[in-house]
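The primary structure of each chain is shown beneath.
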Amino acid sequence: MDLIAIRKIATFVEEERHEFGPPLAEPLIRGSVAMVMRNPYAGGYVEDITPLMEALKPVGKEMAERLIAAMGKGPKEIEGYGKGAIVGSTGELEHGALWHVPGGWGMREVLGHTQAIVPSSKKVGTLGTSIDIPVHHVNAAYVRSHFTAIEVRLPDAPRPDELVYILAMTSGPRPHARVGGLQAGDIKGDDGLR
């Protein structure tokens, strides 16, 4: 059985130039890419689901490359990232968890300089279900200025037997971040936290 049957890929990019306060010196670019595929494990319990995780590894890398290109940035210009999944109603939440390794390592491989764990969310849903993808700094999870989320919603997905796998990235912090804490310029880079 072919494990990966992609129905569609949707890429969203926004350029944020202003959020109250003065206009940003450089616009914040926020983006997400969502891939909709048939869930090969939908409809019943399957003990060993890890073959799909292995099969998804090149897809994770391709999606990361696609998103960076759409954002018009180079890998070293990406400062925030996150991932997530929506599982159709005849699948189980664990099918969304299969995205942890391929999505996370796909972004890490393409970005080439990351230390922090990739934050994640997952849920079971129906057509048009929205999900907030958590985002934080790529090298230090404690950098508050980069804590945000990117909402993703596809009107026609997931169908009951589908999976939606998502990557999200940002080019910088929230506009006018000013709540203190560890600053991006003070990252030590030893542990992915600070």
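Residues numbered from 1 in each chain as written. Predicted model: local features only at pLDDT ≥ 70, side-chain atom pairs only at ≥ 80, totals over all residues. Heavy atoms only, no water.

Trainee: Pulling in residues and values, what's your account of the overall build of the chain?
Mentor: Each helix and strand in the chain was counted, giving three helices and seven strands. Counting from the amino terminus, the chain carries its helices and strands in the arrangement β-β-α-β-α-α-β-β-β-β. Its C-alpha atoms give the chain a radius of gyration of 17 Å, near enough to 16 Å, the size a compact globule of 194 residues would have. The buried share of the chain, reckoned over its 194 residues, is 46%. Nonlocal contacts in the chain, meaning residues at least 24 apart in sequence, comprise 76% of its contacts between residues at least 6 apart. Approximately 9,200 Å² of the chain is accessible, and the part contributed by carbon and sulfur atoms is 53%. Here the chain contributes 21 positively and 24 negatively charged side chains, and the mean placements of these two sets differ by 3 Å. (Helix = DSSP H or I, 4+ residues; strand = E, 2+ residues; numbered from the N terminus. Rg over C-alpha atoms; globule rule 2.2 N^0.38 Å. Buried < 20%, exposed > 50% of the residue type's maximum accessible area, 1.4 Å probe, protein only. Contact = heavy atoms within 4.5 Å. Areas by Shrake-Rupley, 256 points an atom, 1.4 Å probe, with all protein chains shown as cover. Lys, Arg positive; Asp, Glu negative; His and termini not counted. Charge placed at Lys NZ, Arg CZ, Asp CG, Glu CD.)

Trainee: I'd like a rundown of helix H3 (residues 100-111), residues and numbers included.
Mentor: Compared with the 16 Å implied by 1.5 Å per residue over twelve residues, the 16 Å span of H3 between its first and last C-alpha is a close match. A positive backbone phi angle near 75° is found at Gly-112, which sits one or two residues after H3. (Expected span 1.5 Å × (residues − 1).)

Trainee: Can you break down the nonpolar core residue by residue, with the values?
Mentor: Within the largest apolar cluster, 32 residues are counted, with the highest numbers of intra-cluster contacts made by Met-37, Leu-52, Leu-56, Tyr-81, Tyr-165, Leu-167 and Met-169. Only strand E2 (28-38), helix H1 (50-71), strand E3 (80-87), H3 and strand E7 (162-170) provide two or more residues apiece to this core. Broken down by element, the residue count for this core peaks at eight residues, all from H1. Excluding anything up to four places from it in sequence, Leu-56 contacts Ile-4, Met-35, Met-37, Leu-98, Trp-99, Pro-102 and Tyr-165. Within the second largest apolar cluster, 14 residues are counted, among which are Ile-131, Leu-154, Ala-157 and Ile-166. (Core = buried A, V, L, I, M, F, W, Y, C linked by side-chain atoms within 4.5 Å.)

Trainee: Residue-level account of the side chain of His-136, with values.
Mentor: Structurally, His-136 can be placed in strand E5 (residues 130-137). Classification of His-136 by relative accessible area gives buried; the value is 9%. There is a polar contact of 3.1 Å between the side chain of His-136 and the backbone oxygen of Ile-117. In contact with His-136, other than residues within four places in its own chain, are Glu-79, Gly-80, Tyr-81, Ala-116, Ile-117, Pro-119, Ala-141, His-146 and Phe-147. (Polar contact = N/O pair within 3.5 Å; in protein donor to acceptor, adjacent residues only side chain to side chain.)

Trainee: Which residues make up the pairing of E5, and what values do they have?
Mentor: Pairing geometry for E3 and E5, over two bridges, is antiparallel. Directly across from Gly-80, in E5, lies its bridge partner His-137. Here E5 runs beside strand E6 (residues 148-153); their pairing, made up of six bridges, is antiparallel. The partner of Asp-132 across the bridge, within E6, is Glu-151. (Pairing = 2+ DSSP bridges.)

In short, shape yes, function no, at least from these values alone.
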